[in-house]
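Listed below are the residues making up each chain.
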Amino acid sequence: MEQKNRERAMVLFSGGVDSTTCLAMAIERFGKEQVISLSVAYGQKHEKELAAARRILDYYQLDGITLDLTTIFTYSNCSLLSHSAEKLPAQSYQEQLRQTEGAPVSTYVPFRNGLFLSAAASVALSKECSCVFYGAHRDDAAGAAYPDCSETFYQAINTAIYEGSGRRMRVEAPFAGSSKTQVLEEGLRLKVPYELTWSCYAGREQPCGVCGTCIDRREAFLRNGVSDPKCG
Ligand SMILES: [Zn+2]
């Protein structure tokens, strides 16, 4: 009986460091039984992140929902997408931003978080959840690399989803004001199984070590004084 009144959360979950930390946070706050994960296939160049997401869900013994939104990105030449001829940049985000003159980086998937959060809110309402968690953090929004990770965007979409759901649903981005180093710090406290996560944009056997997200991940582990279990 008591279970019925407990709040339920949906976590937008990609199998990377940020969303896995978010998932662990939601499990701690709401209890495992009250958490639903939602992963999205969007035509990524490789299946590594979705495979990582499945391994992590097994670890936490959670069932997850996967949505396929690939068709929507048919017209995009974002370098993360399998049909795109664009090469993945082997540079840090700061280096890339020096060349984009204020535009997002080439790995920006057009309005991805807006789309995913709207889709998640719709599914979450049907599943009687009252919030959607997502793992955006300050570093990804810096210099407008990923504008849909910014705090402004988060506040705006939270308002839109809250109003559009009849004030039944809110969005939480617990790391919107945090750096990736702080995300990891929280995850280490929560004993997140980072060895199961996948961050790299390339789909090789091992992380490439030179793409923007590999560089950010390495820095965050270094700053926390621990080695990345994914890189031995
Ligand atoms: Zn990489």
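Structure's up top.
Residues numbered from 1 in each chain as written. Predicted model: local features only at pLDDT ≥ 70, side-chain atom pairs only at ≥ 80, totals over all residues. Heavy atoms only, no water.

## Re the side chain of aspartate 216
Let me state the cut-off plainly: Strands here mean DSSP runs of E at least two residues long; helices mean DSSP runs of H or I at least four residues long; both are numbered from the N terminus. When accessible area is computed with a 1.4 Å probe and restricted to protein chains, residues below 20% of their type maximum are described as buried, those above 50% as exposed, and intermediate ones as partly exposed. Residues scored as charged are limited to Lys and Arg (positive) and Asp and Glu (negative), so that His and the chain ends carry no count. The rule for a salt bridge is simple: a side-chain nitrogen of Lys or Arg has to be within 4 Å of a carboxyl oxygen of Asp or Glu. Here a residue-residue contact requires only that any non-hydrogen atoms of the pair lie within 4.5 Å.
Summarising the element assignment, aspartate 216 is placed in helix 8 (residues 212-223). Within the buried core, aspartate 216 has no salt-bridge partner, and the shortest N-O distance to an opposite charge, that of lysine 180, equals 5.7 Å. Once you skip the residues sitting within four places of it in the chain, aspartate 216 turns out to touch Tyr93, Asp140 and Lys180.

## Things to note about the packing of helix 1 (residues 17-30) against helix 2 (residues 48-60)
Threshold: Between the N-to-C directions of two axes lies an angle of 0 to 180 degrees, each axis being a line fitted to C-alpha atoms and, for a helix, fitted only over the stretch in contact. Here the word oblique covers every angle except those under 35 degrees (roughly parallel), over 145 (roughly antiparallel) and from 65 to 115 (roughly perpendicular). Crossing handedness follows the turn of the near helix against the far one: under a right angle anticlockwise gives a left-handed crossing, and clockwise gives a right-handed one. Only Asp, Glu, Lys and Arg are considered charged, only Ala, Val, Leu, Ile, Met, Phe, Trp, Tyr, Cys and Pro nonpolar, and every remaining residue, Gly among them, polar.
Packing of helix 1 against helix 2 leaves a shortest axis separation of 12 Å and a crossing angle of 20°. As judged from the angle between their axes, helix 1 and helix 2 are roughly parallel. Crossing of helix 1 against helix 2: the hand is right-handed. Note on element contacts: helix 2 touches helix 1 through Ile56, Leu57 and Tyr60, opposite Thr20, Leu23, Ala24 and Ile27. Of the residues in the contact of helix 1 with helix 2, the class split is 6 nonpolar, 1 polar and no charged.

## Examining the environment of leucine 188
By the secondary structure assignment, leucine 188 is in helix 7 (residues 180-189). Residues leucine 188 and phenylalanine 221, spaced 33 residues apart in sequence, show a C-alpha to C-alpha distance of 9.9 Å. Leaving out residues up to four positions away in the same chain, leucine 188 has contacts with Tyr194, Asn224 and Val226.

## Observations regarding the nonpolar core
Operational definition: For our purposes a nonpolar core is just a set of buried Ala, Val, Leu, Ile, Met, Phe, Trp, Tyr and Cys residues, chained together by side-chain atoms within 4.5 Å.
Core analysis: the largest hydrophobic core is formed by 46 residues, its most contacted members being Met10, Leu12, Leu117, Tyr134 and Tyr146. Residue assignment for this core shows that the elements contributing at least two residues are strand 1 (9-12), strand 2 (35-41), helix 3 (93-100), helix 4 (112-126) and helix 6 (151-164). For leucine 117, the residues in contact, after removing those within four places along its chain, are Leu12, Val132, Tyr134, Phe153, Ile157, Ile161 and Val171. Core analysis: the second largest hydrophobic core is formed by 28 residues, Val11, Ala24, Ile27 and Tyr194 among them.

All quantities given are derived from atomic positions and should not be read as evidence of function.
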